[in-house]
Amino acid sequence: MYLRAGTTASLFATGLTFPAPPTETVREVVLQGFGLSGIIPPHLSNLSFLETLDLSDNLFHGPIPSHLGRLTLLQNLFLYNNSLDGTIPSNLSNCLNLLQMHLTYNQLSGNIPSSLSFLTQLKVLDVSVNNLSGFIPPSIGNLTSLIYLYLARNRLSGDIPEELGRLQNLVHLQISQNQLSGVIPSSIYNISSLEIFSVTGNKLTGELPEDIGLRLPNTMRKLAFTGGQKRRQRPRKPPPNPLPGVS
């Protein structure tokens with residue numbers, strides 16, 4: 001069963017429980033852009049067979065319910081463009097089937113939980129445009145299925161972890177507009193799949209390798225550096241075609 005905005009908005013407005021058929025048949029809840037407000041109802045965690053939860057583009061506030069960590073079959077979590085605050089629940093790491101986690105454009109704070117490294121099937125992690133602070137967890141390097149990693153426009157500090165170089169399937173790496181310092185780890189230049197790499201608006205130092213155009217041959221689409229780095233050579237490859245979506 002797939003519950004969408006036209007049939008389920010009243011569940012959020014009134015706090016009612018989900019109607020028959022039984023909740024074990026509900027695989028998808030999609031309520032994007034329906035103008036819903038209030039907190040995210042904790043009873044969503046009763047939908048134990050849920051695979052997609054899309055509450056994006058609404059007016060939800062308050063924390064992300066930790067109960068969502070009970071949705072162990074969840075594959076797609078879309079909570080972007082709300083007014084959610086508080087921290088990212090560490091027990092989302094129990095959702096071992098997650099492929100996409102989109103939390104951008106909220107007011108989330110605190111650290112990025114290192115426990116997210118257990119989500120080894122994750123292809124998209126987007127926590128950009130929040131108020132997250134602390135370091136980028138080195139354990140993010142364990143998410144070797146990642147294709148898109150967006151951490152931009154937060155208050156992250158410290159060094160860029162060398163371990164990010166393990167993400168050999170990464171196509172987009174956006175960590176711009178933070179407070180990161182130090183040099184870009186040499187391991188990053190070994191991710192030959194990168195097409196977009198942006199670190200603008202940080203406090204990075206050091207020089208870029210002379211052979212960057214060879215080591216990151218696809219990044220002519222977007223290779224953005226500012227701060228203390230000195231750019232020695234421009235990649236010569238023309239921009240690639242637009243990327244397909246994640247499947």
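Residues numbered from 1 in each chain as written. Predicted model: local features only at pLDDT ≥ 70, side-chain atom pairs only at ≥ 80, totals over all residues. Heavy atoms only, no water.

Colleague: Just to check I follow, could you spell out unusual backbone geometry for this structure?
Modeller: Trans is the common state for peptide bonds, and a negative phi is the common state for residues other than glycine. With a phi angle near 55 degrees, D57 is a residue other than glycine that sits in the positive phi range. Within the element layout of this structure, D57 appears in the loop between β4 (52-54) and β5 (59-63). Residue classification places D57 among the partly exposed positions, given a relative accessible area of 28%. Phi is positive for R153, which is not a glycine, with a value near 60 degrees. With respect to the helices, strands and loops of the structure, R153 is situated in the loop between β12 (148-150) and β13 (155-158). Owing to a relative accessible area of 46%, R153 belongs among the partly exposed residues under this scheme. (Helix = DSSP H or I, 4+ residues; strand = E, 2+ residues; numbered from the N terminus. Buried < 20%, exposed > 50% of the residue type's maximum accessible area, 1.4 Å probe, protein only.)

Colleague: What should I look at first to understand the sheet that holds β13 in this one?
Modeller: In any sheet, the strands associate via hydrogen bonds between backbone groups, in a parallel or an antiparallel arrangement. What the five strands build is an open sheet, ordered β9-β11-β13-β15-β17; its pairing is parallel. Looking at which strands have only one partner, the edges of the open sheet turn out to be β9 (109-110) and β17 (203-204). (Pairing = 2+ DSSP bridges.)

Colleague: What exactly am I supposed to notice about the side chain of N178 here?
Modeller: Within the element layout of this structure, N178 appears in the loop between β14 (172-174) and β15 (179-182). Among the residues examined, N178 registers a relative accessible area of 6% and is labelled buried. A polar side-chain atom of N178 sits 3.2 Å from the main-chain carbonyl oxygen of I175. When near neighbours in sequence (up to four residues on either side) are disregarded, N178 contacts L151, A152, R153, N154, R155, L156, G201 and N202. (Polar contact = N/O pair within 3.5 Å; in protein donor to acceptor, adjacent residues only side chain to side chain. Contact = heavy atoms within 4.5 Å.)

Colleague: Even after reading the chapter, I still don't get the sheet that holds strand β3 (residues 37-38), so can you show me in this structure?
Modeller: Ordered by their spatial adjacency, three strands build an open sheet running β3-β5-β7, and the pairing between neighbours is parallel. Each edge of the sheet is formed by a strand with only one pairing partner; in this case those strands are β3 and β7 (83-85). Where β3 and β5 come together, two bridges link them in parallel fashion. Residue pairing for β5: G38 is matched across the bridge by F60.

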